[in-house]
Amino acid sequence: RKPSAEEFKRQHMDPDSPPNSRPTYCNRMMRRQGMTKGSCKRVNTFVHESWATVKAICSQRQMTCKTTRRNNCHKSSSTLHITECRLKGSSKYPNCDYTTTDSQKHIIIACDGNPYVPVHFDASE
Ligand code: UM3
């Protein structure tokens, strides 16, 4: 299945919650957004910015994606408010247990299609 903007929104967009999230944020959000079905997704980043802000990154600096090696990645010119969810080593499916870390970083996303929109989260730095 082709990655889509709808998938990106489900997995990575949380514009309405404030960046200072609770320690339980990732456990709640990873389950609510369907990333703990079948297995626990290991790493996932949520972005606390508007869709307009994130979509605009598709016209910012182009670069090679770290994960796919394709050339359709773009790095945000500004830092964004994000929350990184990382599966704890002690976590056992189906009890997906995550650490929640807030930060402000540049993000690198892949864009695709016409209109050219975010479809994959590559990295933050
Ligand atoms: N991933 C994040 N944040 C990171 C690194 C990786 O969310 O800092 C996710 C995005 C990918 C998956 O899923 O890990 C494999 O790289 P996606 O393509 O559905 O966005």
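Further up the page is the structure itself.
Conventions adopted
Residues numbered from 1 in each chain as written. Predicted model: local features only at pLDDT ≥ 70, side-chain atom pairs only at ≥ 80, totals over all residues. Heavy atoms only, no water. Buried < 20%, exposed > 50% of the residue type's maximum accessible area, 1.4 Å probe, protein only. Helix = DSSP H or I, 4+ residues; strand = E, 2+ residues; numbered from the N terminus. Arc of directions from axis to C-beta. Contact = heavy atoms within 4.5 Å. Pairing = 2+ DSSP bridges. Axes fitted to C-alpha atoms, helices over the stretch in contact; angles between N-to-C directions. Core = buried A, V, L, I, M, F, W, Y, C linked by side-chain atoms within 4.5 Å. Disulfide = S-S within 2.5 Å. Near = heavy atom within 4 Å. Polar contact = N/O pair within 3.5 Å; in protein donor to acceptor, adjacent residues only side chain to side chain. Areas by Shrake-Rupley, 256 points an atom, 1.4 Å probe, with all protein chains shown as cover. Lys, Arg positive; Asp, Glu negative; His and termini not counted. Salt bridge = Lys/Arg side-chain N within 4 Å of Asp/Glu carboxyl O.

K.L.:
For this particular structure, what's the right way to read helix 2 (residues 25–32)?
P.N.:
Because each turn of an α-helix spans 3.6 residues, side chains separated by three or four positions in sequence point in the same direction. Where helix 2 is concerned, the buried positions are Y25, C26, M29 and M30. Each buried residue of helix 2 lies within a common arc of 105 degrees when the element is viewed along its axis, so the set occupies one face. Helix 2 presents R31 and R32 as exposed residues on the side facing more than 90 degrees away from its buried surface. Elements that come into contact with the buried residues of helix 2 comprise strand 1 (43–47), strand 4 (80–87) and strand 5 (98–105).

K.L.:
Got a minute to help me understand the sheet that holds strand 4 in this structure?
P.N.:
Sheet strands line up and pair through hydrogen bonds in the backbone, either parallel or antiparallel. The strand order 1-4-5 describes an open sheet built from three strands, whose pairing is antiparallel. The open sheet has two free edges, formed respectively by strand 1 and strand 5, since each of these has just one partner strand. Neighbour-to-neighbour, the strand axes of the sheet open up by a mean angle of 25 degrees, direction not taken into account. The sheet contact formed by strand 4 and strand 5 spans eight bridges and is antiparallel.

K.L.:
Is there a simple way to explain the nonpolar core in this structure?
P.N.:
The nonpolar side chains of a soluble globular protein tend to be buried, and buried together. Core analysis: the biggest nonpolar cluster contains 15 residues, and F8, V47, V54, L80, I107, I109 and F121 have the highest contact counts within it. Examining the composition of this core, we find that three residues originate from one element, strand 6 (residues 107–112), more than from any other. Excluding residues that lie within four positions of it along the chain, V47 makes contacts with H12, M13, D14, P15, V54, L80, H81, I82, I107 and F121. In terms of nonpolar packing, the next biggest core, distinct from the first, is built from eleven residues, Y25, M35, L87 and C96 among them.

K.L.:
Help me understand the state of the cysteines, please; the structure alone is not making it clear to me.
P.N.:
Two cysteines whose sulfur atoms are joined by a covalent bond form what is called a disulfide. For the structure on display, the rule yields four disulfides. One disulfide bridge connects C40 with C96, the sulfur atoms lying 2.2 Å from each other. In this structure, the disulfide formed by C40 and C96 twists by about -75 degrees around the S-S bond and is classed as left-handed. Of the two residues, C40 sits in the loop between helix 2 and strand 1 while C96 sits in the loop between strand 4 and strand 5, which places them 56 residues apart along the sequence. Here C40 and C96 have matching classes, each one buried.

K.L.:
I'm lost on the site of the ligand in this one. Help?
P.N.:
Residues in contact with the ligand, as listed here, are Q11, H12, K41, V43, N44, T45, T67, H120, F121 and D122. Note that an oxygen atom of the ligand is positioned 3.2 Å from one of the side-chain N or O atoms of K41. A distance of 2.7 Å separates a nitrogen atom of the ligand from a polar atom in the side chain of T45. Notes on the ligand: free accessible area 450 Å², of which the protein chains cover 71%. The set of elements that each furnish at least two residues to the shell around the ligand consists of helix 1 (5–12), strand 1 and strand 7 (117–124).

K.L.:
Is there a simple way to think about the side chain of D122 in this case?
P.N.:
Structurally, D122 is set in strand 7. For the buried D122, which has no salt bridge, the nearest side chain bearing the opposite charge is K66, at an N-O separation of 5.6 Å. A polar contact of 2.6 Å, which involves the side chain of D122, links it to the side chain of T67. Ignoring any residue separated from it by four or fewer positions in sequence, one finds D122 in contact with C65, K66, T67, C73, I108 and I109.

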